[in-house]
Amino acid sequence: MINGNTRLFAIVADPIAQVRTPQVLNAYFEARALDAVLVPVHVAPEGLAAVVEGFRRTRNLDGFIVTVPHKTAVAALCDALGPAAQATGSVNTVRRDPDGRLVGDMFDGAGFVQGLRTQGHDPAGRRCLLLGAGGAAGAIAFSLAQAGAAQVVVANRTRAKADAVVQRVRQAFPQADIQAGDADPQGYDVVVNATSLGMKPDDPLPLAIDRLQPHTLVAEIIMKPELTPLLAQAQAHGCPVHFGRHMLDEQVRLMARFMLRD
Ligand code: ATR
């Protein structure tokens, strides 16, 4: 039961109805017997700064989750950013310290890498091909480099965006072997689809299946459908596959622990 001692958390988004974070994080709080609640807050871009300022002054609020379209704008409203948020220019979780200081970080990439590890696929020392260069891909590139991947190649339809991701990761990890390249999956240990191709049933595949070698792990970050056409065809080709939900599961844990200072 919510009472006067309950700690508050929020998710800000526009639109808001599709978000699943309230169910997932309230279940997380309940499972740990925490007197805390997370509520959806529908904020349009023009109202974002005022709402964030309101959060800053709300003394029983300990943090908030940020999603579309606010991830970049919130980064500029924070007082401090963690390394992944700095490298990606984007924030998906904010912790409010007791003095009102807002600290933002980005857990998309860390969630993805932790999800790989929980399934027994540590990317350390692996050659990785990352398809896509949007917000999620940028965070994953950072985390693959941080995790010690032997090589990261970023392949994107718009080459300039792949180059920009590479530049930002190199700034954070000057020793990392990261470059922009093409989407040919031959010769990689891990291939990650971080494009939006696969969300709609008639999307083309993001890579040529017949160029996959059977030892290559094919990973998705798309949650629905769980078995995307890419994963189904990769599996039929003999490749191990990795589902999008592993990233979300780990991301939720990382976001909650960050806000709870756990
Ligand atoms: P997210 O925040 O989920 O990463 P995003 O920033 O919109 O979403 O990025 C979507 C990614 O899918 C981009 O890499 C995009 O390629 P472009 O940078 O060239 O736009 C990629 N993508 C989307 N539709 C695509 C298509 N039809 N073919 C190839 N790549 C596509």
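For the structure, check the block above.
The shown structure was predicted, so the numbers you read here are calculated from the model rather than taken from an experiment.

**Student:** Would you mind going over the overall build of the protein chain in detail, with residue names and values included?
**Tutor:** Of regular secondary structure, the protein chain possesses nine helices and 12 strands. Over its C-alpha atoms the protein chain spans a radius of gyration of 19 Å, differing by no more than 12% from the 18 Å that the globule rule assigns to 262 residues. In terms of its C-alpha atoms, the protein chain occupies a principal-axis envelope of roughly 60 × 35 × 30 Å. A buried classification covers 49% of the 262 residues belonging to the protein chain. Considering only contacts within the protein chain whose residues lie at least 6 apart along the sequence, 68% involve residues at least 24 apart. Total accessible area on the protein chain stands at roughly 12,200 Å², and carbon and sulfur atoms take up 52% of it. Within the protein chain, the 25 negative side-chain charges are centred at a point lying 3 Å from the centre of the 25 positive side-chain charges.

**Student:** Before we move on, can you summarise the packing of aromatic side chains with the specific residues and values?
**Tutor:** Summed over all chains, the structure comprises five aromatic pairs. Residues Tyr 28 and Phe 29 carry aromatic rings whose centres are separated by 6.4 Å and whose planes lie at 80° to one another, so their mutual orientation is edge-to-face. Here the two residues Tyr 28 and Phe 29 agree in accessibility, since each one is buried. Sitting over the ring of Tyr 28, Arg 32 keeps its end group 3.5 Å from the ring centre. Cation over ring: Arg 95 sits above Phe 258, and NZ or CZ is 5.1 Å from the ring centre.

**Student:** Outline the sheet that holds strand β3 (residues 61-66), listing residues and values.
**Tutor:** Spatially, six strands are ordered β2-β1-β3-β5-β6-β4 in an open sheet, and the strand pairing comes out mixed. On the outer flanks of this sheet lie β2 (36-42) and β4 (80-81), each paired with one strand and no other. By the bridge criterion, four bridges tie strand β5 (residues 93-96) to strand β6 (residues 102-105) in an arrangement that is antiparallel. From the neighbouring strand, Thr 93 faces β6, where its bridge partner is Asp 105. Each of β1 (7-13), β3, β5 and β6 is contacted by helix α9 (residues 245-259), which is oriented at about 20° to β5, the strand it contacts most.

**Student:** Tell me about the nonpolar core, and name the residues and values.
**Tutor:** Of all hydrophobic cores here, the largest spans 49 residues; its most connected members are Phe 64, Val 74, Val 94, Phe 112, Leu 130, Leu 144 and Val 154. The element that contributes the greatest number of residues to this core is helix α6 (residues 135-146), accounting for seven residues. For this core, the domains that each give at least three residues are domain 1 (7-107 + 248-260) and domain 2 (109-246). If sequence neighbours within four positions are ignored, Phe 112 has contacts with Ile 140, Leu 144, Val 192, Ala 219, Glu 220, Ile 221, His 242 and Met 247. Judged by nonpolar contacts, the second largest core, of 19 residues, contains Phe 9, Leu 25, Tyr 28 and Ile 65.

**Student:** Summarise the packing of helix α5 (residues 108-118) against α6; cite the residues concerned and give the values.
**Tutor:** The axes of two packed helices give the description: the angle between them and the distance between them. Following both chains from N to C, one finds α5 and α6 inclined at 60°, their axes separated by 7 Å at the closest point. Taken as axis vectors, α5 and α6 run oblique relative to one another. The chirality of how α5 crosses α6 is right-handed. Between α5 and α6, the residues in contact are Asp 108, Gly 109, Ala 110, Phe 112 and Val 113 and Ala 136, Ala 139, Ile 140, Ser 143 and Leu 144, respectively. Class assignment for the residues of the contact of α5 with α6 results in seven nonpolar, two polar and one charged.

**Student:** Give me helix α2 (residues 48-57): which residues, what numbers.
**Tutor:** The periodicity of an α-helix, 3.6 residues per turn, causes residues three or four places apart in sequence to face the same way. Along α2, the residues classified as buried are Leu 48, Val 52 and Phe 55. Along the axis of α2, the buried positions cluster into a sector of 55°, meaning they face one direction only. The outward face of α2, more than 90 degrees from its buried face, is lined by the exposed residues Ala 50 and Arg 57. On its buried side, α2 packs onto β1, β2, β3, α3 (71-77), β5 and β6.

**Student:** Could you give an account of the sheet that holds strand β9 (residues 178-180), naming the residues involved and the relevant values?
**Tutor:** Taken in spatial order, the six strands make up an open sheet running β9-β8-β7-β10-β11-β12, and their pairing is parallel. Two strands close off the open sheet at either side, each with one partner strand: β9 and β12 (241-242). Where strand β7 (residues 127-131) lies against strand β8 (residues 151-155), five bridges are found, and the strand directions are parallel. Across the sheet, Leu 131 pairs through a bridge with Ala 155, a residue of β8. Contacts between helix α8 (residues 229-236) and the sheet are confined to β10 (190-193), β11 (217-220) and β12, with β11 contributing the most and set at about 165° to the helix.

About the cut-offs
Residues numbered from 1 in each chain as written. Predicted model: local features only at pLDDT ≥ 70, side-chain atom pairs only at ≥ 80, totals over all residues. Heavy atoms only, no water. Helix = DSSP H or I, 4+ residues; strand = E, 2+ residues; numbered from the N terminus. Rg over C-alpha atoms; globule rule 2.2 N^0.38 Å. Buried < 20%, exposed > 50% of the residue type's maximum accessible area, 1.4 Å probe, protein only. Contact = heavy atoms within 4.5 Å. Areas by Shrake-Rupley, 256 points an atom, 1.4 Å probe, with all protein chains shown as cover. Lys, Arg positive; Asp, Glu negative; His and termini not counted. Charge placed at Lys NZ, Arg CZ, Asp CG, Glu CD. Phe/Tyr/Trp six-rings, centres within 6.5 Å; stacked < 30°, edge-to-face > 60°. Lys NZ or Arg CZ within 6 Å of the ring centre and 35° of its normal. Pairing = 2+ DSSP bridges. Axes fitted to C-alpha atoms, helices over the stretch in contact; angles between N-to-C directions. Core = buried A, V, L, I, M, F, W, Y, C linked by side-chain atoms within 4.5 Å. Domains from an automatic or database assignment. Parallel < 35°, antiparallel > 145°, perpendicular 65-115°, else oblique. Left-handed = near helix turned anticlockwise from the far one by under 90°. Nonpolar A, V, L, I, M, F, W, Y, C, P; charged D, E, K, R; others polar. Arc of directions from axis to C-beta.

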